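Fold and geometry: a report
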Amino acid sequence: GSDDASRAGADWRLAVWTLCSVLLPVLITAWCSFQRSRRQLLIRDIFRKSKHDWHYTDLFGQPSYCCVCAQHILRGAFCGCCGLRVSERCLKKADQRFLCKEIMMRGTAGAASSMPHHWIRGNVPLCSCCMVCKQQCGTQPKLCDYRCVWCQYTVHDECMVDCLRTEDCTFGEFKDLIIPPYYLSAINQMRKEKRTSYEKVVPYCRKHWMPVMVLANTRSGNNMGETLLGEFKMLLNPVQVFDLSKIAPAKALQLCTWLPCNAVRVLVCGGDGTVGWVLDAIDEMKIKGQERYIPQVAVLPLGTGNDLSNTLGWGAGYAGEVPVEQILRNVMEADGIKLDRWKVQVTNKGYYNLRKPKVFTMNNYFSIGPDALMALNFHAHREKTPSLFSSRIINKAVYFFYGTKDCLVQECKDLNKKVELELDGERIELPNLEGIIVLNIGYWGGGCRLWEGMGDEPYPLARHDDGLLEVVGVHGSFHCAQIQVKLANPVRLGQAHTVRLILKSSKMPMQVDGEPWAQGPCTVTITHKTHALMLYHSGEQTDDDDASSLSE
């Protein structure tokens, strides 16, 4: 009997130990998971209430030190506006102890026309030089040296003297682009008092002041927009930088009414679609009677289709290869030019025209035929699986697939029998074609100069500010591909101030600036709408296909 009791006791102990060995890791994991989620909730709460623009990272891109405890940190939080870096456990202290960049001066400081430096200690940019002794800063492996969040000047710990702490900040290299906090305070006060004589406010009265606004589409270009937003906020006043996924361009552009007339420059970070969206908002300003506040527009190309930015000298696509500082210098040095904008009206046939005509605004091109069919197929698949289309290379590969597929199907043949074309009221006899493209700008199809073709024939010059459209025909997808690699010329149908195209029968793919749709019998009329004020960058153009310029 005693043996049975001892065996039962041993079995019981074994069961308890087994249960503990299973439950203990589960409980520890559950406790850790609970603590982690509680910590994340606290961090999120600090982020939400803070005046800093905190972001969390699992790995800093350069050696970093906590601004509170001065310990070396691999991960933690950083402010996208002032550049503070802090460990997770010191986040609350840092949030209470350090001020972020002020977008507007508080209290009585509104009447000021200058402000002192705003110094932040440690984590200075690599290869930065001390403004006092001109030697390199941030070379020691510890929290050391200072950086001003406005002028970006850096100073060694040992070179930092009291007079530098109270000295007026010059706003550094980009003083002509930055909107100072004291300026916004002064204008805000004047608006409250219903005064409009801003001319005496500094730097409104300064001759070369050309404040810049950055409008970034964070959905364009594989999240590059998100990174750029942070970098521009570091260099400029955060009030100048807008995320178009959170605020509409029309609302963002109202900042122009606080700034000098005809002086503001807007940098649009996104594809041609984003640029069109901003230009539409600028047209709304004209309707509201705000014509004198209209800005000039520069482009940083992030999307897939960047033919407009390529035409204006800003390149075919930005992938982070040029520093943000250089982009701002390019915006400062760019020349103002005009861009024609066109009204495209599509009136359906039949039903006694009871339906309202569709009206589009065109900046780049209108087309009917194979390239519109490729865009339509691409668009339909991107709507179904957007995650597949985050890369510019994948997008071009899918476009190529639909182009070659169309060669086999020939869905657009005998277009010349289905349409009539009028240029400035004159009927044009069409040869055997599959597509017609109406161009406002020099580039088409992701970097191809369509009107010029191989460049071996005489043709009238194409411009984007002459009130003329260039009209070309193509024999199919294969012909389009040949033109893109400079092995063929387009069928040049002519130039005109007004283009009218009548689709007599059947359904055909059409597109305006990359927005495609399937269209039944209709009349398409393209007329001049307005001019947009753009900025032209005369530096290197990144034309993928321009091999001829390299061989010269």
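Every chain is numbered on its own, with residues counted from 1 as its sequence reads. Where local features are concerned, this predicted model is filtered to residues with pLDDT of at least 70; where side-chain atom pairs are given and counted, the filter is 80 or more; whole-chain, interface and lining totals use all residues. Only hydrogens and water are removed before side-chain values are computed, so all heavy atoms of the structure are retained for them.

Topic: the overall build of the protein chain
Numbering of helices and strands runs from the N terminus, with a helix taken as a DSSP run of H or I at least four residues long and a strand as a DSSP run of E at least two residues long. Each helix and strand counted, the protein chain has 14 helices and 26 strands in total. Burial classes follow relative accessibility: with a 1.4 Å probe on protein chains only, a residue under 20% of its type's maximum area counts as buried, one over 50% as exposed, and anything between as partly exposed. Per-residue burial over the protein chain gives 47% buried out of 552 residues. Contacts between residues were defined by any pair of non-hydrogen atoms, one from each residue, lying within 4.5 Å. Contacts in the protein chain between residues at least 24 apart in sequence constitute 70% of all its contacts with a sequence separation of at least 6. Total accessible area computed for the protein chain in this model is approximately 28100 Å², and 55% of it derives from carbon and sulfur atoms. To be clear on the numbers: accessible area is Shrake-Rupley with a 1.4 Å probe, and residue cover counts the displayed protein chains and nothing else.

Thoughts on the confidence of the model for the protein chain
Chain-level statistics for the protein chain give a pLDDT mean of 85 and a share of 89% at 70 or above. Taken as a whole, residues 541-552 scores under 50 in pLDDT and shows 19 contacts with residues more than four places along the chain or in a different chain. The predictor attaches a confidence to each residue, and that confidence, scored 0 to 100, is pLDDT.

Observations regarding the environment of K338
Considering the arrangement of structural elements, one finds K338 in strand β13 (residues 335-348). Along the sequence, K338 and D466 sit 128 residues apart, while their C-alpha atoms lie 9.1 Å from each other. Ignoring any residue separated from it by four or fewer positions in sequence, one finds K338 in contact with H464, D465, H531, A532 and L533.

A closer look at the sheet that holds strand β6 (residues 119-121)
Strands belonging to one sheet form pairs held by backbone hydrogen bonds; the direction of such a pair is parallel or antiparallel. Think of it this way: DSSP has to see at least two bridges between two strands before they count as a pair. The three strands are arranged β6-β7-β8 in an open sheet whose pairing can be described as antiparallel. Two strands close off the open sheet at either side, each with one partner strand: β6 and β8 (154-155). Where strand β7 (residues 146-148) and β8 come together, two bridges link them in antiparallel fashion. Paired with R147 across the two strands is T154, which belongs to β8.

What to know about the nonpolar core
V86, Y183, M213, F232, L236, L253 and M534 are the most contacted members of the largest nonpolar core, which totals 103 residues. In this entry, domain limits derive from an automatic or database-based domain assignment. The residues that make up this core include at least three from each of domain 1 (48-102) and domain 2 (210-333). Not counting the four nearest positions on each side in its chain, L253 is found in contact with M213, V266, V278, A281, I282, M285 and P295. I428, I436, L469 and L503 belong to the second largest nonpolar core, which has 32 residues in total. For the purposes of this section, nonpolar cores are sets of buried Ala, Val, Leu, Ile, Met, Phe, Trp, Tyr and Cys residues that join through side-chain atoms within 4.5 Å.

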